Amino acid sequence: MRKSSGGTANKNRFKNLCKRLTFYLGQAKNFCLKFVKYIKNFIDKIPKKFVRVFIILLLSFFSVIIFVNREKFSPDYIGTFFADSFAEASFGPGFPRKINGSKVSCENFKVIDKDVVLLSDLSLTTFNSSASEMLQKQHSYQNPMLKTCGTRTILYDLGGKNLEVTSKSKILHTAGTDYNIISAAISNYGTFAVVTEAKGFLAQLTVFSKDSKSVYYRYNFANHYITDVAISEDGRSAAVCGATARDGSVVSSVYVFDYNREEPWVKFDYSDNMFIRLEYLSNGNVVAIGDKLVSVINPYRGTHEDYSYDNKNIVGFDVNKKDGVLLALSLSEDGTNTDMVLIGQNGKLEKSFHTEHSVKAVSFNHHKSAALSYGKVYVYNFSGHLLNSFDVGVDTKNIRLFSGKELYTLGLTDVNKIRF
């Protein structure tokens, strides 16, 4: 029987491939041995006292790095990291997925990395990018609210006394307060800040350790009704915004606190404006979003940069800690003829462009911005050039752009992932 010439040729090609691979591996081995020998000879020529100084400096450098990031090396943090990673790697049925509950408000729809977090009127749910359920936790809160930072989430009962801290895949801590909760925020390492009602004051700020056994800071507000609180990613400072009446008009204030100071680190007042949201940016600045202007505060310099809406309505906004804040401003309340405005981390206007589409919500990431209209999403670059558009459900009420080619949509009954 004659052997197949094709089979013989394939065997010869495989043998030649193996020979070339063996040759290249041998070359790489010889190169590595020569490189190691060269480095050893180079080090031997250096005076030993300089080598010792270099080693001491190198050890000092790594010691500082470990100390600054010591929370990341704690057993709890490492264990939670592996638990989240394992849950993130699981394969799910794909999107869309039904919401567990009757409703999810727009502010309770978040994205952590590529995973989506939903807080409904019945439960907290986290799905990974393949729609596998990483976490599902029932709650009995009357007014559930959700905030995230890094890989941590805090859910609390607005007007109630209970809260919970979670990672992407498990409950980390539960706590209760003596007075009703007005707002709360979480750091990436679990330190959390809570603003509550207080006896004899309008509100009280308390910053807790991640197990809530220690109080890092406390401050009472006698004249301001607090609307929001934020805490830095490392948990070492907090910010609060609130409002008071002065000479017949509303005056809003932003406080930034350093735990080593009894009084606020910085405080700024703003006339005829109501702040509705506070966030820390990755450079340490604080962005305050109001109904008339947005302000970016640099607590280190004690300065702030403001951008006024010029009598336009804010119909949507999105905060990206690395890039700043994207605003959707319209002369009409229904979002028609909208200006898309990007404010950078330092409070300066970076980009702006106009769209004639009616905008309900916006999101931005990876140098792209997405605008939700009625049953349609438009994707732009920061120069205002339309890159893509596609249909979504007419009941879609919010979007989260989490990569240059993917976003999540929140509808009345489900959450979906769209690749465009």
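As a reminder, the structure under discussion sits directly above these lines.
Residues numbered from 1 in each chain as written. Predicted model: local features only at pLDDT ≥ 70, side-chain atom pairs only at ≥ 80, totals over all residues. Heavy atoms only, no water.

**Regarding the pattern of salt bridges**
Pairing between side chains becomes possible if they bear opposite charge and their charged atoms approach one another. A full pass over the atoms with the stated rule returns 16 salt bridges. With a closest N to O distance of 3.2 Å, Lys168 and Asp115 form a salt bridge. Of this pair, Lys168 sits in the loop between strand 8 (162-166) and strand 9 (171-176) while Asp115 sits in strand 3 (residues 115-119), and the two are 53 residues apart along the sequence. Comparing Lys168 with Asp115 shows no difference in burial state: the two are buried. In this structure, Arg261 engages Asp258 in a salt bridge whose closest nitrogen and oxygen atoms are separated by 3.4 Å. According to the relative accessible area criterion, Asp258 is buried, its value standing at 17%. (Salt bridge = Lys/Arg side-chain N within 4 Å of Asp/Glu carboxyl O. Helix = DSSP H or I, 4+ residues; strand = E, 2+ residues; numbered from the N terminus. Buried < 20%, exposed > 50% of the residue type's maximum accessible area, 1.4 Å probe, protein only.)

**Looking at the side chain of Ser369**
Structurally, Ser369 is set in strand 27 (residues 368-372). Here Ser369 falls in the buried class, since its relative accessible area comes to 1%. Look past the residues within four positions of Ser369 in its chain and what remains in contact with it is Leu326, Met340, Phe353, Ser363, Phe364, Tyr378, Val379, Tyr380, Asn381, Phe382 and Leu401. (Contact = heavy atoms within 4.5 Å.)

**Some remarks on the packing of aromatic side chains**
Across all of its chains, the model carries 18 aromatic pairs by this definition. Judged by centre distance (5.5 Å) and plane angle (45 degrees), the rings of Tyr217 and Phe257 are tilted. Taken as a pair, Tyr217 in strand 13 (residues 215-221) and Phe257 in strand 16 (residues 249-258) lie far apart in primary sequence, 40 residues in all. We note that Tyr217, like Phe257, is buried. (Phe/Tyr/Trp six-rings, centres within 6.5 Å; stacked < 30°, edge-to-face > 60°.)

**Looking at the sheet that holds strand 16**
Spatial strand order, 14-15-16-17: 4 strands in an open sheet with antiparallel pairing. In the strand order of this sheet, the two ends are held by strand 14 (225-231) and strand 17 (266-271), each with one partner. Along the sheet, successive strands turn relative to each other by an average axial angle of 15 degrees, direction set aside. Here strand 16 pairs with strand 17 via 6 bridges, running antiparallel. By the bridge assignment, Ser253 is partnered in strand 17 with Asp269. (Pairing = 2+ DSSP bridges. Axes fitted to C-alpha atoms, helices over the stretch in contact; angles between N-to-C directions.)

**With respect to unusual backbone geometry**
Pro96 follows Phe95 through a cis peptide bond whose omega is 5 degrees. One can find Pro96 in the loop between helix 3 (75-88) and strand 1 (97-98). If you check the backbone angles, Asp272 has positive phi at about 50 degrees while not being a glycine. Of note, Asp272 is situated in the loop between strand 17 and strand 18 (275-280).

**What about the nonpolar core?**
With 17 residues, the main nonpolar core has Leu205, Val207, Phe221, Val240 and Phe257 as its most contacted residues. Elements represented by at least two residues in this core include exactly strand 11 (192-198), strand 12 (201-208), strand 13, strand 14, strand 15 (237-246) and strand 16. When near neighbours in sequence (up to four residues on either side) are disregarded, Val207 contacts Thr191, Phe192, Ala193, Ser214, Val215, Tyr216, Tyr217, Ile231, Ala238 and Tyr259. If you look at the next biggest cluster of nonpolar residues, it comprises 15 residues, including Ala239, Cys241, Ala288 and Leu293. (Core = buried A, V, L, I, M, F, W, Y, C linked by side-chain atoms within 4.5 Å.)

**Focus on the pairing of strand 28 (residues 376-381)**
With 5 bridges connecting them, strand 27 and strand 28 associate as antiparallel partners. Residue pairing across strands places Ser369 opposite Tyr380, the latter belonging to strand 28. Between strand 27 and strand 28, which follow one another and run antiparallel, lie 3 residues, and Gly375 among them has a positive phi close to 80 degrees. In this antiparallel pair of consecutive strands, strand 28 and strand 29 (residues 386-391), the connection spans 4 residues, and Gly384 shows a positive phi of 90 degrees.

**Section: the side chain of Thr355**
Summarising the element assignment, Thr355 is placed in strand 25 (residues 349-355). A polar contact is formed between the side chain of Thr355 and the backbone nitrogen of His357, at a distance of 3.2 Å. Apart from the residues within four sequence positions on either side, Thr355 is in contact with Asn337, Thr338, Met340 and Tyr380. (Polar contact = N/O pair within 3.5 Å; in protein donor to acceptor, adjacent residues only side chain to side chain.)

**Brief notes about the sheet that holds strand 10 (residues 181-186)**
Strands belonging to one sheet form pairs held by backbone hydrogen bonds; the direction of such a pair is parallel or antiparallel. Here 4 strands make up an open sheet; going across it, the order is 10-11-12-13 and the pairing antiparallel. The two strands at the open ends of the sheet, each matched to only one other strand, are strand 10 and strand 13. Taking each pair of neighbouring strands and ignoring which way they run, the sheet shows an average axis angle of 15 degrees. One ladder, built from 6 bridges, connects strand 11 with strand 12; its direction is antiparallel. Counterpart to Ala193 in the pairing with strand 12 is Val207.

**What to know about helix 3**
Over its 14 residues, helix 3 runs 20 Å from end to end, which matches the ideal 20 Å to within 8%, given 1.5 Å per residue. For helix 3, the set of buried residues is Tyr77, Thr80, Asp84 and Ala87. Along helix 3, the residues classed as buried sweep out an arc of 95 degrees about the axis, all on the same side. Of the exposed residues in helix 3, the ones pointing more than 90 degrees away from its buried face are Pro75, Phe82 and Phe86. (Expected span 1.5 Å × (residues − 1). Arc of directions from axis to C-beta.)

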